[in-house]
Amino acid sequence: MKTWSLSDLTVELSKWIENYIEPPVQFLIRSRVQTAIVLAAFLVFTQAGQTIEIYRAIALDYNLYQAIVATIFVFVLTLFVWYTARFLVLEQFTPKDNQYKNALAQWGTRFLGIIPLLGLSLGIFSAWKQTIDEASQAFLITWMIGSLGALIFALILFIGRTAVLNEDRALGAKSQGKGLFSPEVEIGLANIAYLIFGAFSLPLVIAATDSKFSLGTIAIFVLSPLINLILYSWYSEREANLSRKITRWFIPCLLGSAIFGFTLPPTAVPGAVGAIGVVAIAFTILVVIFSIIYNWALENNIPALAFLVSFAIFFSFLNWNDNHQFRHSTKPQDLPLPALEDSFESWLASRPDRDQYAGKPYPVYLVSAQGGGIYAAYHAATALTKLTESMPNFPQHVFAISGVSGGSLGASTFTSLIKESQSINQPLTTAVSRIFDQDLLSPLLTLGLFPDLIQRFIPFPIDEWDRASGLEVAFENAWNRLPGQEERENPFKRSFYQHWQPEGIAPALVLNTTVVENGKRLVISPFKIELPTQENIVLDERSLDLKLSTAAGLSARFPFVTPVGWYQRSNDGSKSRLADGGYFDNSGIPTTIDIGRTLQKLDGYGESFKLVYLAIVDQQDSSIEPPKSSGLNEVLSPVRTLFGARVARSLSAIELSSYTLNDGVTDPFQLNFRTLVLQKVDPQMQINLPLGWQLSTTSKAFIAEQTPEPSQCHVDDFKQAFSSNVSSTDAKNHNSCVAKSIELELSEYLMAAYANESDRG
């Protein structure tokens, strides 16, 4: 029997590590670009709630075109992941290596390649589990089978491509040449990538700046010769006739980008491709470009990728590439904001139905609209328009709406519809539904994954490449979906400060943001709002003007998805950064309370007018267990706490307002603080409204079913829930009875009838 010494064991262990552990490590190092991108793609396609909602939206709308386009572009991503990884890995793992290394080189790259399609299939399956509509389920299953079929075809292509394509050198099957990394291929792919970049980015940049000759537009055209100059410098010493090859690609791509950029509507390309397609195309370009850079770095023994990442971190650390200054202009008149008290008195004096309330206090509503992305926007807009359709005089009794994040967009949509109601030849709720049919996510992703990503590697800011402007352009373009809008000025493109007039019917917009430097609230408002400490919480820069879309977008700067926006203070020239209003408070209620506290000090409060607070919030169902904490405690617990506190602060604001403002009120139809609630989660319907910027038809219908209708109020159930001091689980009845209470206040006849009925009761 052989006796093993310590040195023998060490040698054998070293051989085992060298033969079986080192090759996979070398493989991952060599394919680091592909590995990072496919992991990112897999997480986006399977774990993001907004992505699952996109799958459902495609299925519920039976949008076969979007499903096919998404699958095609994910398939293209799969091909390029495998192709680039194969060339990089085969340069290290030669045919002389052992069978294990050869198998790893062949099957490792194939496995990397199919991960995007696998992620797409698993994501579609998750959407299928959350869908109860049988037709949509069938669509999703068919789509999943189709994506799995594309996966199988990709594997067959990877394994037997010479037989499939009937060519010995198909996709470099037996080629020992450069393949992907030959000058011709690199020049062609780089210019095609630029053409795609220009076609996607230029229309949005032009729409965001309202100019075809802005710095952002010029920078996009400068990028093309810069790319080709870099390629020329790489190969000029070794490659003859290189300038002719570059010219053959360069001029057509530059002209094509210009044609697309200057002729297409701003959201045409992102809308046609869809959010999944935009992500897949962006990842494909990243795979190709970074693989080319990585291969060049290996050939020249220069850590180019490390340098690029270091530059990006260094530029960001010094804020050299901070291009997130929000869109603004100079006010035509350098005037201070009016006082809240003066604005309210002008507004109250101009109410067209003021005479009908002689001898009674005029009902004045202060509305708050909670944040939550597009679902909160749609909820606020549909709830308020439904109230308006039931009670046409309702908007003229609403003095102000305090919006946060998605609630700000919903409030902006509602007030714009009221202002334009004379020219909108359709029911308001129909107009809201049409506006929110728009895909608001793809333009944001387009600017985020194309120009704004390149900005990270440039040591000076190009403000027009800010991805947040993509969302704002999407807001503006959504309004253009209304019939006949091309003949009218888009309210989302107008000045925020000219949007509200005290003499008008539409309510004032008070949009909440959070100051990054001190965590305090800063409100975008047409009038000053001062706290008891005499602190003005309103953005009050006398010369700064901004569009309505920008004001709503600033309130909805959700973490990481949309960046914080900054402006330069006029008093000291320093930067102030504004984030999502939900950081401070996600309900919008504190701002309405502050407005109400000021108005209560005016002469006539309680006699000539009264205040009613109406909060549009999420319903809190105690039967639904909160999510349990999972892994990565050290890293994710602070993030979970941040979002948990965001919800808890809103609940605290609702409870505190209810207890203080409704103290002593025994009739639920005469409460001073009322809520219109939205049930976000329905286990039976398998609905959990996502935090994002695209809604499915089912989610819209689910929200619309909960909108208030006074005629559907079951009074006994509403009173019973109030007397038992528990939240009603029937969101529809609760909202309808709140609408009934408003109807009673706004109708003298109904108010008298209700009083007589109460006396008889």
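Refer to the structure above for everything that follows.
All values reported here derive from a predicted model rather than from experimental measurement. (Residues numbered from 1 in each chain as written. Predicted model: local features only at pLDDT ≥ 70, side-chain atom pairs only at ≥ 80, totals over all residues. Heavy atoms only, no water.)

Caption draft 1: Main features of the overall build of the protein. Along the protein, the regular secondary structure elements total 25 helices and 12 strands. In the protein, which comprises 761 residues, the share counted as buried stands at 53%. Considering only intrachain contacts with a sequence separation of at least 6, the fraction spanning at least 24 residues in the protein is 78%. Carbon and sulfur atoms make up 59% of the accessible area of the protein, which amounts to about 33,700 Å² in all. (Helix = DSSP H or I, 4+ residues; strand = E, 2+ residues; numbered from the N terminus. Buried < 20%, exposed > 50% of the residue type's maximum accessible area, 1.4 Å probe, protein only. Contact = heavy atoms within 4.5 Å. Areas by Shrake-Rupley, 256 points an atom, 1.4 Å probe, with all protein chains shown as cover.)

Caption draft 2: Quick peek at helix α3 (residues 49–60). Between its first and last C-alpha atoms α3 spans 16 Å; for 12 residues at 1.5 Å apiece the expected length is 16 Å, and the two agree. Burial runs high along α3: 11 of the 12 residues are buried. Listed as buried for α3 are Gln 50, Thr 51, Ile 52, Glu 53, Ile 54, Tyr 55, Arg 56, Ala 57, Ile 58, Ala 59 and Leu 60. Directly after α3, the chain includes Tyr 62, whose backbone phi takes a positive value near 50°. (Expected span 1.5 Å × (residues − 1).)

Caption draft 3: Fine view of the environment of Phe 75. With respect to the helices and strands, Phe 75 occurs in helix α4 (residues 64–90). When the C-alpha atoms of Phe 75 and Ser 147 are compared, they prove to be 8.5 Å apart, with 72 residues separating the residues in sequence. Those residues within four positions of Phe 75 in sequence are excluded, and the remaining contacts are Leu 117, Ala 150, Phe 153 and Ala 154.

Caption draft 4: Region of interest: a negative patch on the surface. A surface patch of negative charge is lined by Glu 341, Asp 342, Glu 345, Glu 530 and Asp 603. Here Glu 530 lies in the loop between β5 (521–524) and β6 (544–545). (Patch = residues over 30% accessible without salt bridge, like charges linked within 9 Å, V, L, I, M, F, W, Y side chains within 5 Å. Salt bridge = Lys/Arg side-chain N within 4 Å of Asp/Glu carboxyl O. Lys, Arg positive; Asp, Glu negative; His and termini not counted. Charge placed at Lys NZ, Arg CZ, Asp CG, Glu CD.)

Caption draft 5: Region of the structure containing the packing of aromatic side chains. If you walk through the whole model with that rule in mind, you get 33 aromatic pairs. An angle of 75° between the planes, with centres 6.3 Å apart, marks the rings of Phe 197 and Trp 465 as edge-to-face. Here Phe 197, found in helix α7 (residues 183–209), pairs with Trp 465, found in the loop between α17 (451–455) and α18 (468–479); they are 268 residues apart in sequence, far enough to count as distant. In this pair, the class of Phe 197 matches that of Trp 465, namely buried. Across the ring face of Trp 566, the terminal group of Lys 575 is positioned such that the distance to the ring centre comes to 4.0 Å. (Phe/Tyr/Trp six-rings, centres within 6.5 Å; stacked < 30°, edge-to-face > 60°. Lys NZ or Arg CZ within 6 Å of the ring centre and 35° of its normal.)

Caption draft 6: View of the pattern of salt bridges. Taken as a whole and judged by the stated rule, the model has 20 salt bridges. Of the charged contacts in the structure, one is a salt bridge between Lys 740 and Glu 743, with a shortest N-O distance of 3.4 Å. Here Glu 743 and Lys 740 lie together in helix α24 (residues 731–746), a separation of 3 residues that amounts to about one turn. A relative accessible area of 18% means that Glu 743 is categorised as buried. Through salt bridges with shared partners, a single network forms among Arg 327, Asp 466, Glu 472, Glu 476 and Arg 557.

Caption draft 7: View of the environment of Tyr 605. On the secondary structure map, Tyr 605 appears in the loop between α20 (589–599) and β9 (609–618). With a relative accessible area of 35%, Tyr 605 lands in the partly exposed category. Each C-alpha atom of the pair Tyr 605 and Pro 361 lies 8.0 Å from the other, and the pair is 244 residues apart in sequence. If sequence neighbours within four positions are ignored, Tyr 605 has contacts with Leu 599, Gln 600 and Leu 611.

Caption draft 8: Seen up close, unusual backbone geometry. Positive phi, close to 55°, is recorded for Asp 210, a residue that is not glycine. Topologically, Asp 210 is positioned in the loop between α7 and α8 (215–235). Phi angles above zero are rare outside glycine, and Ser 405 is one such case at about 50°. Looking at where Ser 405 falls in the secondary structure, it is placed in the loop between β3 (398–404) and α14 (406–419).

Caption draft 9: Representation of a nonpolar patch on the surface in the model. The grouping of Phe 314, Phe 317, Leu 318 and Trp 320 at the surface amounts to a nonpolar patch, some 450 Å² of accessible area in total. Along the polypeptide, Leu 318 turns up in the loop between α11 (304–317) and β1 (329–330).

Caption draft 10: Up close: the nonpolar core. Ranked by internal contacts, the top residues of the largest apolar core, which has 176 residues, are Tyr 55, Trp 143, Phe 394, Phe 399 and Trp 693. If one sorts the elements of this core by residue count, helix α10 (residues 268–300) sits on top with 13 residues. Among all residues touching Tyr 55, those that are not within four sequence positions of it are Phe 45, Leu 120, Gly 123, Ile 124, Ala 127, Leu 140, Trp 143 and Ile 276. Counting residues in hydrophobic clusters, the runner-up holds 27 residues, among them Val 69, Ala 282, Ile 462 and Trp 465. (Core = buried A, V, L, I, M, F, W, Y, C linked by side-chain atoms within 4.5 Å.)

Caption draft 11: Quick look at the state of the cysteines. Applying the stated criterion to the full structure yields 1 disulfide. A sulfur-sulfur separation of 2.1 Å characterises the disulfide bridge that pairs Cys 713 with Cys 737. Since a negative S-S torsion denotes a left-handed disulfide, the Cys 713-Cys 737 link at about 95° is right-handed. Placement of the pair is Cys 713 in the loop between α22 (697–704) and α23 (715–723) and Cys 737 in helix α24, with a sequence separation of 24 residues. The class of Cys 713 is buried, set by a relative accessible area of 14%. (Disulfide = S-S within 2.5 Å.)

Caption draft 12: Representation of the packing of α18 against helix α19 (residues 548–555) in the model. Viewed as axis vectors pointing N to C, α18 and α19 meet at an angle of 125°, and their least axial separation amounts to 9 Å. Classified by the interaxial angle, the pair formed by α18 and α19 is oblique. Considering only the axes of α18 and α19, their crossing is right-handed. Contacts between α18 and α19 involve Glu 472, Phe 475 and Glu 476 from the first element and Ser 549, Thr 550, Ala 552 and Gly 553 from the second. Among the residues making up the contact of α18 with α19, the classes are represented as 2 nonpolar, 3 polar and 2 charged. (Axes fitted to C-alpha atoms, helices over the stretch in contact; angles between N-to-C directions. Parallel < 35°, antiparallel > 145°, perpendicular 65-115°, else oblique. Left-handed = near helix turned anticlockwise from the far one by under 90°. Nonpolar A, V, L, I, M, F, W, Y, C, P; charged D, E, K, R; others polar.)

Caption draft 13: The arrangement of the packing of α14 against helix α15 (residues 428–435) in detail. Across the interface, α14 lies against α15 with an axial gap of 11 Å and an inter-helix angle of 130°. Of the possible angle classes, the one that applies to α14 and α15 is oblique. Here the hand of the crossing between α14 and α15 comes out right-handed. Taking contact as the criterion, the partners of Thr 413, Leu 417 and Ile 418 in α14 are, on α15, Leu 428, Ala 431, Val 432 and Ile 435. Residue classes in the contact of α14 with α15 are distributed as 6 nonpolar, 1 polar and no charged.

Caption draft 14: Examining the layout of surface pockets more closely. Within this model, the second largest pocket holds a volume of roughly 1,100 Å³. Residue lining of the second largest pocket: 38 residues in total, with Leu 223, Ile 227, Ile 230, Ile 289 and Ile 454 positioned closest to the centre. Looking at the lining of the second largest pocket, the elements with two or more residues in it are α7, α8, α10, α11 and α17. Per-element tally for the lining of the second largest pocket: the top contributor is α8, with 10 residues. Classifying every residue of the lining of the second largest pocket gives 38 nonpolar, no polar and no charged. (1 Å grid on protein atoms, 1.4 Å probe; cavity = no way out; pocket = protein on both sides within 12 Å on 5 of 7 lines; lining within 4 Å. Points joined across faces, edges and corners; volume = space filled by probe spheres on them.)

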